[in-house]
Amino acid sequence: MAFRGVCPYIKELGKDRQITCECASFNFPDRRAKRDVIYGYCAHPDNWKECLFKKAMDNFYERKYNNG
């Protein structure tokens, strides 16, 4: 399934209760909790831009490539 907005740092959506991004790996208590995060942030058309992990990675890459 294609998403309109998808965080560029998502690496893997595990089959059961896992999500892996460049900043962290998440294990959720059930598939519904995982879905809430995916559709609430990772794949939300707008909210993915507000994720704290995404912002941390943006800052990391900005420092890495702009400040040597």
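Use the structure listed above.
Calculation notes
Residues numbered from 1 in each chain as written. Predicted model: local features only at pLDDT ≥ 70, side-chain atom pairs only at ≥ 80, totals over all residues. Heavy atoms only, no water. Salt bridge = Lys/Arg side-chain N within 4 Å of Asp/Glu carboxyl O. Buried < 20%, exposed > 50% of the residue type's maximum accessible area, 1.4 Å probe, protein only. Helix = DSSP H or I, 4+ residues; strand = E, 2+ residues; numbered from the N terminus. Pairing = 2+ DSSP bridges. Axes fitted to C-alpha atoms, helices over the stretch in contact; angles between N-to-C directions. Contact = heavy atoms within 4.5 Å. Lys, Arg positive; Asp, Glu negative; His and termini not counted.

**Some details on the pattern of salt bridges**
And step 1. Evaluation of the coordinates by the stated rule reveals two salt bridges.
And step 2. Measuring nitrogen to oxygen at the nearest pair gives 3.1 Å for the salt bridge that ties Lys55 to Glu50.
And step 3. Residue classification places Lys55 among the partly exposed positions, given a relative accessible area of 35%.
And step 4. Here Glu50 falls in the partly exposed class, since its relative accessible area comes to 47%.
And step 5. As a salt-bridge pair, Asp58 and Lys54 come within 2.3 Å of each other at their nearest N and O atoms. You can see Asp58 and its partner Lys54 sitting in helix H2 (residues 52–66), four residues apart, about one turn around the helix.
And step 6. Here Asp58 falls in the partly exposed class, since its relative accessible area comes to 26%.
And step 7. Taking relative accessible area as the criterion, Lys54 reaches 12% and is therefore assigned buried.

**Brief notes about the sheet that holds strand E1 (residues 10–13)**
And step 1. Sheet architecture is open: three strands sit in the order E1-E2-E3, paired in antiparallel fashion. The sheet terminates laterally at E1 and strand E3 (25–27), the two strands that pair on one side only. Direction aside, neighbouring strands of the sheet carry axes that sit 15 degrees apart on average.
And step 2. When strand E2 (residues 18–21) meets E3, the two strands line up antiparallel, connected through three bridges. By the bridge assignment, Gln18 is partnered in E3 with Asn27.
And step 3. Contacting E1 and E2, helix H1 (residues 31–42) runs over the sheet at an angle of about 35 degrees to E2.

**Notes on the environment of Lys11**
And step 1. On the secondary structure map, Lys11 appears in strand E1.
And step 2. Taking the relative accessible area as the measure of exposure, Lys11 reaches 61% and is therefore exposed.
And step 3. Setting aside its immediate chain neighbours within four residues, Lys11 contacts Thr20, Cys21 and Glu22.

**So, the side chain of Lys34**
And step 1. Among the structural elements, Lys34 can be located in helix H1.
And step 2. Of the side chains bearing the opposite charge, Asp16 lies closest to the buried Lys34, which forms no salt bridge; the N-O distance is 7.3 Å.
And step 3. For Lys34, the contacting residues outside a window of four places in its chain are Leu13, Gly14, Lys15, Asp16, Arg17, Gln18, Ile19 and Phe28.

Fair warning: the whole summary comes from geometry, so function is off the table for now.
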